[in-house]
Amino acid sequence: MKKLFMELTSPSSNCGKIYEIEEILESVKSPFQQIDFYKTKDYGILFTLDNIVQLTEKEEFFYHEMIVHPAIQTHKNPQKVLIIGGGDCGTLTHVIKYPEIKHIDMVEIDKLVVELSKKYLPHLTKSLEDKRVTLYIEDGFKFLKNKKNEYDIIIIDSTDPDTIAKELFSGNFYKEVYDALADSGISVYQSEPPFHPLYDEMQINVYKILKSLYNHVNFVFFPEPMYPTGYFTTLIASKKYNPLEVNKEKIREKINNFNLNYYNEEIHFASLAIPEFMKKKLNIN
Ligand code: SAM
């Protein structure tokens, strides 16, 4: 009989996603969450937290490229980057591609996520060996409290709002992130699927909060087959630089040797286009 992993699109939903499993590699409870690693039949390693898909090896590139490159390409001179969450190191893998970045702090609350990712996703965690990277095992919310005017880019690669990451979706947290950014800083948030009723209210609230703080706030839209609905967003909030005014040729120059699978200079602009249903939801004309 086939062994299947199933995640419903929402708890009350009658649809979802199924992966065929060959082997359960790890199933442990950390002080923060249930952590599972599976070997799937067709998608490589599947990593879940509290039974929610965090990544599959085959599909992670959409999310990790799109939470990193549009924001970094928007900043004219990014030198210091902070990642909150992101313990599987998929996001870090893309940040270290930029030679102009001098220092990267990563703050992950759960040491076990990093340790097990080292075991099962070594092609991602090898990014931790980069000399510019410092890893903190700490709550990202607490870590930010003493930081003022320090980072050029802050990336929030957290779990969902109904998990241990709850505080990372609070009004106070957005203000802390804003204060920790330098004058021309940019923050990026994983902001869930655009077409999913569970996240409508959160997206409306966060968009409003970020608009009250920053000069430029843009949802970034992209496919992500491993997440519910297969369609996902990040949110870029920028104090100075406009993501729509980036030079196409410069993007091409910078990413030329990156060997990416989704993001490029065309996708940069296409992903910033807002679908009509989203304009209605956010009340944008
Ligand atoms: N977008 C991915 C997803 O939700 O599928 C996120 C993947 S990454 C594994 C998310 C990480 O955020 C987890 O390893 C979790 O432990 C971490 N995290 C959650 N709350 C956190 C907090 N308050 N501070 C730092 N890291 C946190």
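Residues numbered from 1 in each chain as written. Predicted model: local features only at pLDDT ≥ 70, side-chain atom pairs only at ≥ 80, totals over all residues. Heavy atoms only, no water.

### Observations regarding the packing of aromatic side chains
Here comes step 1: Considering all chains together, one arrives at 21 aromatic pairs under this definition.
Here comes step 2: A ring pair is formed by Y63 and F232, whose centres lie 5.8 Å apart and whose planes are at 75°; its orientation type is edge-to-face. Of the two residues, Y63 sits in helix α1 (residues 60-74) while F232 sits in strand β12 (residues 231-238), which places them 169 residues apart along the sequence. We note that Y63, like F232, is buried.
Here comes step 3: In textbook terms, an aromatic cluster arises when at least three aromatic residues are bridged by ring pairs, as seen for F195, Y207, F219, F221, Y231 and F277. (Phe/Tyr/Trp six-rings, centres within 6.5 Å; stacked < 30°, edge-to-face > 60°. Helix = DSSP H or I, 4+ residues; strand = E, 2+ residues; numbered from the N terminus. Buried < 20%, exposed > 50% of the residue type's maximum accessible area, 1.4 Å probe, protein only.)

### Concerning the site of the ligand
Here comes step 1: Neighbouring residues of the ligand: 26 residues in total, closest Q33, Y63, E108, G140 and Y227.
Here comes step 2: In the environment of the ligand, an oxygen atom lies 2.9 Å from a nitrogen or oxygen atom belonging to the side chain of Q33.
Here comes step 3: In the model, an oxygen atom of the ligand is placed 3.2 Å from a nitrogen or oxygen of the Q54 side chain.
Here comes step 4: Protein coverage of the free-state accessible area of the ligand, which is 590 Å², stands at 98%.
Here comes step 5: Of all the cavities here, the one that holds the ligand is the largest pocket.
Here comes step 6: Along the lines of polarity and charge, the residues of the shell around the ligand split into 11 nonpolar, 8 polar and 7 charged. (Near = heavy atom within 4 Å. Polar contact = N/O pair within 3.5 Å; in protein donor to acceptor, adjacent residues only side chain to side chain. Areas by Shrake-Rupley, 256 points an atom, 1.4 Å probe, with all protein chains shown as cover. 1 Å grid on protein atoms, 1.4 Å probe; cavity = no way out; pocket = protein on both sides within 12 Å on 5 of 7 lines; lining within 4 Å. Sits in = over half its atoms within 2 Å of the grid points. Nonpolar A, V, L, I, M, F, W, Y, C, P; charged D, E, K, R; others polar.)

### Overview of the environment of F61
Here comes step 1: Among the secondary structure elements, F61 is positioned in helix α1.
Here comes step 2: For F61, a relative accessible area of 18% corresponds to the buried category.
Here comes step 3: Considering only alpha carbons, one finds F61 and Y262, 201 residues apart in sequence, at a separation of 7.3 Å.
Here comes step 4: Apart from the residues within four sequence positions on either side, F61 is in contact with N261 and Y262. (Contact = heavy atoms within 4.5 Å.)

Everything listed here is a matter of geometry and, on its own, says nothing about what the molecule does.
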